[in-house]
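Examining the three-dimensional arrangement
For reference, the chains in residue letters:
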There are 2 protein chains.
Amino acid sequence: MEACTFLSPTRLVIGRDAEAQTPHWIRQEGCSRVLVHHDSGYVKQSGLVDRIIALLREDGLTVVELGGVVPNPRLALVREGICVCRENQIDFLLAVGGGSVIDSCKAIGLGVAYDGDVWDFFAEKDGVPMAVPTRSLPIGVVLTIAATGSEASNSCVVTNGDLKRFCDNDVNRPRFAIENPLLTCSLPPFQTACGIVDIMSHSMERYFTCEEGGNYLTDALCEAVFRTCLTCAPILRENPQNYQARANVMVASSLSHNGLTGIGRTGDWASHFIEHELSGEFDVTHGAGLAVIIPAWMRYVWPERPNLFLAFATRVMGVEADMDHPELTIQEGIRRLEDFFRSMGLPTRLRDMPGVGRVDERIMEKMARRVRTVHADGSIGWVKRLYTKDIVVIFQLAQ
Amino acid sequence: MEACTFLSPTRLVIGRDAEAQTPHWIRQEGCSRVLVHHDSGYVKQSGLVDRIIALLREDGLTVVELGGVVPNPRLALVREGICVCRENQIDFLLAVGGGSVIDSCKAIGLGVAYDGDVWDFFAEKDGVPMAVPTRSLPIGVVLTIAATGSEASNSCVVTNGDLKRFCDNDVNRPRFAIENPLLTCSLPPFQTACGIVDIMSHSMERYFTCEEGGNYLTDALCEAVFRTCLTCAPILRENPQNYQARANVMVASSLSHNGLTGIGRTGDWASHFIEHELSGEFDVTHGAGLAVIIPAWMRYVWPERPNLFLAFATRVMGVEADMDHPELTIQEGIRRLEDFFRSMGLPTRLRDMPGVGRVDERIMEKMARRVRTVHADGSIGWVKRLYTKDIVVIFQLAQ
């Protein structure tokens, strides 16, 4: 267990009709002028946004509405949101939606509390290093998709043209997340599946670490998230309305990315960085991209830390250990993970992804070169340091 | 998964020399006048308290020291602490120690922020119901024993004469907990063992719930805590200095009682209430008392929820399920838990406890009658409603 700080101050408000508590928790923050941010899609058409706005207004809060968030939220709308907040003296941001809406809110919050250009927090400009935020507007969430964990995480991902960039900082953590599992019961199977992959991926990035042993507690916490997803996915395939499975997946979403499963571990995050370029290029859903990238990454890097991948195969995927041929056990574990992803209706190869298909080698190289580097030598990842050429091989394995 | 709110805002600062960050995190709270509270025991003699005080003073903070906390912390010292804080305009409370010191700090914080008598928060007086706190002084912890989880919990237990009473409230949650596993390496085996029982007990109280199924995630989170304790205890028996095992137990302490493992569940807490009377009567260490009460409670209540106890036996204690005779599997699980407690050097019967021995039936009845009731009908517990006569039977089973 490595030295670390763990902080997760987000209040989770869980249960049927939990959204009725939204005005109360905004009042608790001492705020009264609320921007309600959403994607103008199902959450608006279903009447949820209007219902929340009515609740806030009944409580005497001032509300301004801003819809239009798209998957992989765009910088342009963030800039518009910053202007709207300033014009209306907004003091609280309420995201009604999933990861994209929450991240758009987080970026707006950073921008409102900053004199410069909000993109300074996401990318270098003319050799000037990225800015580090020190404050934001307070944010609350009414969660409608269990997936990104953004409702309790410090991370914020925004897309500008074909650049998908992130800003991780504790000021991004929402004050509260309203988690009513019923709000996720009408999600189509594809969104449910992508969400489950995303939830698993946040603990997988932390589970596969460069440390050798000694993480008994967080190993088991990660495995708790994995097993919950493996248990709930088939229940939801059979019956998308199953309240208990929806509730478990929803809370797993928050706990998988609030830092809990990474206490004392060095997360790898290479699969995420690689997938960010894939969805930046092809605009695929993040979870669907991960279902393709993660197995390819596992196949490429497992020889660096066989014991970790053996633990995953046996303790999570239920493979019987063949200690004479541990490599067979590991490979069977990866195969079963792919089978699980496919059982939810997701492709596990680039060529099977709608809108992607066979990817030209030059596109792979372009995406690989664009991956944001982590280490000074230009590589990413901790289980194995990955350079541009390694990332191209992972794309090839995913083909 | 039942409706609930989960909040755990305590920052965990984990690692070797983590205590060097103490002044920084006090400054972050905007505070400058610190009461350093401790038990005048090993933490003082080892030089730790003086080292912390020197760190704070080097940073320009004003420090007042108050030692003398005893196990099952006493109301008299709490009252003294409240006076000391008022006389010295203290704005931050720093507990250097374990659960007793932290709880004494919490009670002092409640008292300083309240005009009336602090005991109002812990007991009815002349028919006036208990007061509910709305604020406290900010509290930080330098943790030296992994056990009670008080460093991240909302609970505070104080003893007044032979009355041991609690006040659970979110205002009690510390702002930060400094967790340097090296500070626990010199704990004697008895304290280590009592701590491990206490840590397990906080998730056991939540694991054994009145709900039937559907808690996939928190079942697995509880089991993660149990397995971490089962793994680390023998390592620490062999080598009390093992850093990784100390670190895992320390973080398990915080996560087992910050509410995480109880998300969406109704905790039982009968064993704790019964043990509180045992340690109120005989002044035994809380964890040692639990090692006696928990198995007796399990033997008495398991027929109410056999599936839960079967899951515990098979998934935690590693008993192979005999589905023709599940009661044998359950009983074997309880036996193995007792074996585990004994393997750490703890008695699992009242008659074997130093300072207790054979307990007279009238003393059992006196303790049973004194248990603070939970339900309107005078009973406690959720797995099975326990009345005075049931509690006497549990004491008899523990004899």
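Reading guide: rules and limits
Residues numbered from 1 in each chain as written. Chains lettered and ligands numbered in written order. Predicted model: local features only at pLDDT ≥ 70, side-chain atom pairs only at ≥ 80, totals over all residues. Helix = DSSP H or I, 4+ residues; strand = E, 2+ residues; numbered from the N terminus. Rg over C-alpha atoms; globule rule 2.2 N^0.38 Å. Buried ≥ 20, exposed ≤ 12 C-beta atoms within 10 Å, placed from the backbone. Contact = placed C-beta atoms within 7 Å. Least-squares fit on C-alpha atoms with pLDDT ≥ 70 in both. Domains from an automatic or database assignment. Nonpolar A, V, L, I, M, F, W, Y, C, P; charged D, E, K, R; others polar. Pairing = 2+ DSSP bridges. Core = buried A, V, L, I, M, F, W, Y, C linked by C-beta atoms within 7 Å. Axes fitted to C-alpha atoms, helices over the stretch in contact; angles between N-to-C directions. Parallel < 35°, antiparallel > 145°, perpendicular 65-115°, else oblique. Left-handed = near helix turned anticlockwise from the far one by under 90°. pLDDT = per-residue confidence, 0-100.

Some points on the overall build of chain A
What chain A contains, in helices and strands, is 14 helices and 8 strands. By the compact-globule yardstick of 21 Å for 399 residues, chain A fits well, its C-alpha radius of gyration being 21 Å. Counting only C-alpha atoms, chain A reaches 70 × 50 × 45 Å along its principal axes. Out of the 399 residues belonging to chain A, those deemed buried represent 55%. A separation threshold of at least 6 residues defines the contact pool for chain A, and within that pool the share at least 24 residues apart is 76%.

Describing the relation of the copies chain A and chain B
Between the two copies, chain A and chain B, the superposition gives an RMSD of 0.0 Å; the rotation angle is 180° and the shift along the axis is 0.0 Å. Between the two chains, the operation in question is that of a two-fold axis. Of the C-alpha atoms belonging to chain A, the one lying closest to the rotation axis is found on Pro9 of chain A, 2.0 Å away. The residues that chain A uses at the interface reappear at the interface of chain B in 100% of cases, marking a shared surface.

A few points about the domain arrangement of chain A
Residue and element names in this part refer to chain A. Split by domain assignment, chain A resolves into domain 1 (11-184) and domain 2 (189-398). On a C-alpha basis, the centroid separation for the pair domain 1 and domain 2 is 26 Å. Facing 22 residues of domain 1, the contacting portion of domain 2 comprises 24 residues. Those elements that provide at least two residues to the side of domain 1 that touches domain 2 are β1 (4-14), β7 (163-166) and β8 (176-179). For the side of domain 1 that touches domain 2, the residue count by class is 12 nonpolar, 6 polar and 4 charged.

A look at the interface of chain A and chain B
A common way to report how large an interface is uses the accessible area buried once the components associate. On the side of chain B, 32 residues touch chain A, which itself brings 32 residues to the contact. Per element, the largest residue contribution to the side of chain A that touches chain B is 10 residues, and it comes from β1 of chain A. Pairing geometry for β1 of chain A and strand β1 (residues 4-14) of chain B, over 7 bridges, is antiparallel. Note on β1 of chain B: the bridge partner recorded for Ile14 of chain A is Cys4 of chain B.

Structural notes on the nonpolar core
Counting residues in hydrophobic clusters, the biggest one holds 269 residues, and the most contacted among them are Leu93, Cys229 and Ile293 of chain A together with Val34, Leu93, Cys229 and Ile293 of chain B. Apart from residues no more than four positions distant in its own chain, Leu93 of chain A is found in contact with Leu35, His37, Cys105, Ile108, Gly109, Leu137 and Ile139 of chain A.

A short note on unusual backbone geometry
One non-glycine residue, Asn72 of chain A, lies in the positive phi region at around 55°. On the secondary structure map, Asn72 of chain A appears in the loop between β3 (62-66) and α4 (75-87). Using a count of 19 C-beta atoms within 10 Å as the deciding quantity, one classes Asn72 of chain A as partly exposed. The backbone of Asp126 of chain B sits at a positive phi, close to 50°, despite the residue not being glycine. Position of Asp126 of chain B relative to the elements: it lies in the loop between α5 (99-112) and β5 (139-143). Taking the C-beta count within 10 Å as the criterion, Asp126 of chain B has 4 such neighbours and is therefore assigned exposed.

A few points about the pairing of strand β8 (residues 176-179) of chain B
All names here are of chain B. Side chains Phe176 and Ile178 of β8 all project onto a buried face; the interleaved residues Ala177 and Glu179 project onto the opposite face, where all are buried too. As defined by bridge partners, β5 adjoins β8 across 3 bridges and the pair is classed as parallel. Looking at β8, one finds that Val141 is bridged to Ala177.

Things to note about the packing of helix α13 (residues 361-370) of chain B against helix α14 (residues 388-398) of chain B
All names here are of chain B. At a closest axis distance of 9 Å, the pairing of α13 and α14 adopts a crossing angle of 130°. Considering the angle they form, α13 stands oblique to α14. α13 and α14 meet at a crossing whose hand is right-handed. In this structure, α13 contributes Met364, Glu365, Met367, Ala368 and Arg369 to the contact, and α14 contributes Thr388, Ile391, Val392 and Phe395. Of the residues belonging to the contact of α13 with α14, the class tally is 6 nonpolar, 1 polar and 2 charged.

What to know about the sheet that holds β3 of chain A
With respect to topology, 12 strands assemble into an open sheet ordered β3(A)-β2(A)-β4(A)-β5(A)-β8(A)-β1(A)-β1(B)-β8(B)-β5(B)-β4(B)-β2(B)-β3(B), the strand pairing being mixed. Each having just a single partner strand, β3 of chain A together with β3 (62-66) of chain B make up the two edges of the open sheet. If you compare each strand with its neighbour and ignore which way they point, the axes differ by 25° on average. Lying over the sheet, α5 of chain B contacts β2 (33-37), β4 (92-97) and β5 of chain B, oriented at roughly 165° with respect to β4 of chain B.

Some thoughts on helix α11 (residues 306-316) of chain B
Within an α-helix, residues lying three or four positions from one another point in the same direction, as the helix has 3.6 residues per turn. Residue and element names in this part refer to chain B. Taken together, the buried positions of α11 are Leu308, Phe309, Leu310, Ala311, Phe312, Ala313 and Val316. Tucked into the core, α11 has its buried residues touching α6 (189-207), α7 (216-238), α10 (286-301) and α12 (326-343). Positive phi appears at Gly318, one or two residues downstream of α11, with a value of about 70°.

Some thoughts on the packing of helix α9 (residues 270-282) of chain A against helix α13 (residues 361-370) of chain A
All names here are of chain A. Interaxial distance between α9 and α13 falls to 9 Å at its minimum, and their mutual angle equals 125°. Judged by the inter-axis angle, α9 sits oblique to α13. Helix-helix and strand crossings are classified by hand; for α9 and α13 the assignment is right-handed. For the pair α9 and α13, contact is made by Glu277, Leu278 and Glu281 and by Ile363, Met367 and Arg370, respectively. Here the contact of α9 with α13 is composed, by residue class, of 3 nonpolar, no polar and 3 charged.

Details of the confidence of the model for chain A
Chain-level statistics for chain A give a pLDDT mean of 96 and a share of 100% at 70 or above. As a predicted assembly, this complex carries a pTM of 0.96 together with an ipTM value of 0.95.

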